[in-house]
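# Understanding the architecture of this molecule
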Amino acid sequence: MNKFIKMLSVTAVSASVIVACLTGCSGGGNNGFTVSGKESCDVSVEGINGKGTISLLLNEDDLDKAEKAIYGEPPTDFTQYTQYAEATSKFESAVASMSYIITSEKKDNFSNGDVVTIKLSYNEQKLQEAGIAVSDDTFEYTVSGLTEATNVDPFEGLKVEYTGISPNVQVTLDTSGCHEYVRNNVSFSISGDNGSFANGEKFNITADYNESKAETNAINITNTINEYTVEGALEYPSTLDGVDLSAIETQFNDMLESAMSKENVFVGKQGNLSALNDWSAKFQITKVEPKIVLKAYLTSKHNQSYVDYENEYDCFWEINVTAKCTDKGYSSKYKTGQVVNYKLYYVAGIQNIPVDTNKVIPQEYLNDYDDKLYDNADTTYQEVYNNWITSNKANYNIEEMPAGNTQTSTETSTETSKETSTESSAETSKETSTQSSAPEESSKQSSR
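Described below are features of the structure shown in this document. Here the residue numbers are simple positions, counted from 1 along each chain's written sequence. Totals for whole chains, interfaces and linings use all residues, but because this is a predicted model, local features are given only for residues with pLDDT of at least 70 and pairs of side-chain atoms are given and counted only at 80 or more. Note that the side-chain values use all heavy atoms of the structure and ignore hydrogens as well as water.

### Things to note about the environment of valine 171
What counts here: We count a stretch as a helix when DSSP gives it H or I for four or more residues in a row; a strand needs E for two or more, and each element gets its number in order from the N terminus. With a 1.4 Å probe rolled over the protein chains alone, any residue whose accessible area is under 20% of its type maximum counts as buried; one over 50% counts as exposed, and the rest are partly exposed. For this analysis, residues touch if any pair of their heavy atoms sits within 4.5 Å.
Residue placement: valine 171 occurs in strand β11 (residues 168–174). With relative accessibility at 3%, the residue valine 171 sits in the buried group. Note: C-alpha distance between valine 171 and glutamate 161 (ten residues apart in sequence) is 5.8 Å. If we ignore the near neighbours within four places in the chain, the residues touching valine 171 are Val160, Glu161, Tyr162, Ile190, Asn194, Phe197 and Phe203.

### Quick look at the packing of aromatic side chains
Filter applied, for reference: Side-chain rings of Phe, Tyr and Trp, where Trp is taken by its six-membered ring, are said to pair if the distance between their centres is within 6.5 Å; with planes under 30 degrees apart they count as stacked, over 60 as edge-to-face, and otherwise as tilted. Cation placement over rings: the criterion is NZ of Lys or CZ of Arg within 6 Å of the ring centroid and within 35° of the ring normal.
Counted under the stated rule, the structure contains 14 aromatic pairs. Three or more aromatic residues joined by ring pairs make a cluster, and in this case those are Tyr162, Phe197, Phe203 and Tyr228. The ring of tyrosine 374 has lysine 372 lying over it, and the distance from NZ or CZ to the ring centre is 5.7 Å.

### Focus: the environment of phenylalanine 203
Mapping phenylalanine 203 onto the fold places it in strand β13 (residues 202–208). As for phenylalanine 203 and valine 230, which are separated by 27 residues in sequence, their C-alpha atoms are 7.9 Å apart. Not counting the four nearest positions on each side in its chain, phenylalanine 203 is found in contact with Val160, Tyr162, Val171, Ile190, Ser191, Phe197, Asn226, Glu227, Tyr228, Thr229 and Val230.

### So, the pattern of salt bridges
A side chain of one charge can pair with a side chain of the opposite charge if their charged atoms are brought near each other. We count it as follows: In what follows, salt bridge is the name for a side-chain nitrogen of Lys or Arg lying within 4 Å of a carboxyl oxygen of Asp or Glu.
For the structure on display, the rule yields seven salt bridges. A salt bridge links glutamate 211 to lysine 51, with the nearest nitrogen and oxygen atoms 3.8 Å apart. Of this pair, glutamate 211 sits in helix α5 (residues 211–216) while lysine 51 sits in the loop between β3 (41–46) and β4 (53–58), and the two are 160 residues apart along the sequence. Classification of glutamate 211 by relative accessible area gives partly exposed; the value is 41%. A relative accessible area of 17% places lysine 51 in the buried class. Measuring nitrogen to oxygen at the nearest pair gives 2.9 Å for the salt bridge that ties lysine 106 to aspartate 114.

### Considering the sheet that holds strand β15 (residues 225–229)
Heads up, the condition is: Strands pair, by our definition, only if DSSP identifies at least two bridges between them. Between N-to-C directions, angles cover 0 to 180 degrees, with each direction set by a line fitted to C-alpha atoms, over the stretch in contact for helices.
Spatial ordering of the open sheet is given by β12-β13-β15, a layout of three strands whose pairing is antiparallel. Strands with a single pairing partner mark the edges of an open sheet, and in this sheet they are β12 (187–190) and β15. Across the sheet, the axes of successive neighbouring strands diverge by a mean angle of 25 degrees, strand direction being ignored. Examined bridge by bridge, β12 and β13 share four bridges and lie antiparallel to one another. Along β13, the bridge assignment pairs phenylalanine 188 with alanine 207.

### A word on the sheet that holds β11
Across the sheet, three strands lie side by side as β11-β10-β16; this open sheet has mixed pairing. A single partner strand is all that each edge strand has here, and the edge strands are β11 and β16 (234–235). With seven bridges joining them, strand β10 (residues 159–166) and β11 adopt antiparallel strand pairing. In the sheet register, tyrosine 162 faces β11, and the bridge partner there is valine 171.

### Concerning the nonpolar core
Operational definition: Within this scheme, the nonpolar core is defined by two criteria: the residues are buried Ala, Val, Leu, Ile, Met, Phe, Trp, Tyr or Cys, and they are joined through side-chain atoms within 4.5 Å.
Ranked by internal contacts, the top residues of the largest apolar core, which has 38 residues, are Ile248, Phe252, Tyr313, Trp317, Tyr342 and Tyr346. Elements supplying a minimum of two residues to this core: α6 (246–260), β18 (282–300), β19 (311–327) and β20 (339–351). Looking at which element gives the most residues to this core, the answer is β19, with seven residues.

### Some words on unusual backbone geometry
In this structure, proline 167 follows serine 166 across a cis peptide bond, with omega equal to 15 degrees. By the secondary structure assignment, proline 167 is in the loop between β10 and β11. Despite not being glycine, alanine 218 shows a phi value in the positive range, around 55 degrees. Within the secondary structure, alanine 218 is located in the loop between α5 and β14 (219–221). Its identity is not glycine, yet histidine 302 carries a phi of approximately 55 degrees, on the positive side. By the secondary structure assignment, histidine 302 is in the loop between β18 and β19.

Spatial relationships are all this shows, so hold off on functional conclusions.
See below:
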């Protein structure tokens, strides 16, 4: 006869197996015989415990024996062989009509100890024509022999780190603490727009791997997706309440001191004062009183496609200067011995200030400083305010904070101070008010 092997691997897709198991054969021709699928079906299992597959293989020797018991050996005479072939074709047709279905609820991902119910289905008419009876058309099989795999959670030991400043946080992954198989065979993907995450935003990490390869290596990956929430990243504060500004204030004061030490502007310099715009008269500055008049915090409204900076903290000083004319020279504005009082303005600022979860500014971010000394005596506070505050109101939320009474006073000597307090006059005030006008400052940006 032609030898038949009917086999099916029971997977997640299909559970039917075409198989004919023929035993207990007796008699020949149409004398009748019994088919028992259970006794002549070889069952094999493969894979790892929990993800096993079942294969059912027909016992070919039983099929040969059954056919020979019914029809005998194939005749050598050609005329007799035709009749033999017609008879055996009914047998083969009956066998082909047989198939198996798994009727138990679980049909894939088998584990050791699972009991699988298998039912034999067939074409009853064809079996009758072939003289075949059926026994054990339903039977149970207990799964065993599956390999015990190592359960591996790919996310165990995975280090998720956040770099950058919210809302521009980049997620980075470090797998050095993961299982060895994960390090060498699993890749991770991050959902969303990595690099544009904000604190509190959720995202998924997916583990991608070759399932067949994992099973071959007796590895059972227990999880393929985890949800995470961005937290603990630096962020731009909406307010400076509770933020330690001491390092910034110290830097601002250092910047102010540096500005006040410039030649021909402040304390200790004798000669022509650029602030008074007189090339002939010489002055000795006798007193300088810088006083903070405003602190402001600007945060971007994000109403433009491009943001110059996320935030800015500014400090405004009004500097009251007293100077004594030591030699009027050819000046028609000043007299020798005349005391002049005037005001200058100084602004220091820092941009893009981030804070951590404790509202502490990391030291490495304290480097984006900007300042401007308005060193013309006719410059007004309103001009300075417009340059730094008013011009930014369209694109920034601005919080103005009380300045307090912070001020310092520097005098050259007790005698000079005394002279300053006794030599002021209406004429001095008049002359001070007639000094040259301030240079044009069209905007804060252009003045920096």
